[in-house]
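# Close look at the chain arrangement
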Amino acid sequence: MEELLRECGWDDRAEWLERRRKIVETKPPMRPEFREALTDIESVLVGMGSFSDVPMYPKPGARLTRQEAMNQQWDLTQTIGATIHQMIPRKE
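Reading guide: rules and limits
- Residues numbered from 1 in each chain as written.
- Predicted model: local features only at pLDDT ≥ 70, side-chain atom pairs only at ≥ 80, totals over all residues.
- Heavy atoms only, no water.
- Phe/Tyr/Trp six-rings, centres within 6.5 Å; stacked < 30°, edge-to-face > 60°.
- Lys NZ or Arg CZ within 6 Å of the ring centre and 35° of its normal.
- Salt bridge = Lys/Arg side-chain N within 4 Å of Asp/Glu carboxyl O.
- Helix = DSSP H or I, 4+ residues; strand = E, 2+ residues; numbered from the N terminus.
- Buried < 20%, exposed > 50% of the residue type's maximum accessible area, 1.4 Å probe, protein only.

Moving on: the packing of aromatic side chains. For the coordinates displayed, the defined rule picks out 0 aromatic pairs. Over the ring of tryptophan 10 we find arginine 13, and its NZ or CZ is 4.8 Å from the ring centre.

A few words on the pattern of salt bridges. Under the criterion given, the structure shown has 10 salt bridges. With a closest N to O distance of 2.7 Å, arginine 63 and glutamate 3 form a salt bridge. With arginine 63 in the loop between helix 3 (32–43) and helix 4 (66–87) and glutamate 3 in helix 1 (residues 2–7), the pair connects residues that are 60 residues apart, well separated along the chain. Note on arginine 63: relative accessible area 49%, which makes it partly exposed. The partner of glutamate 18 in a salt bridge is arginine 21, with the nearest N and O atoms 4.0 Å apart. Here glutamate 18 pairs with arginine 21, and both are found in helix 2 (residues 11–26), just 3 residues apart, close to one helical turn. Residue arginine 21 is classed as partly exposed on the basis of its relative accessible area, which comes to 28%. Salt bridges sharing partners connect three or more residues here, namely Glu2, Arg6, Glu18, Arg21, Lys22 and Glu25.

Quick look at the structure:
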């Protein structure tokens, strides 16, 4: 997500995600910070103004076409959402 956002000029959003990714990578899963970071990421995946809603126009010289960026955006939204859903225990 970070790389795609940067290639499309959304550096501020990529930095926000990077901070949360680093928490997930460094904190044990039972720590509240770990769960909070995953919940933050999950909350920005879909909906108005979310990652899935951001217009993806790769900067000149980017390795992706607009269509490839949009396809990657959709794939990342689904994959990351499903992964987070598996990582965070849900109350039934």
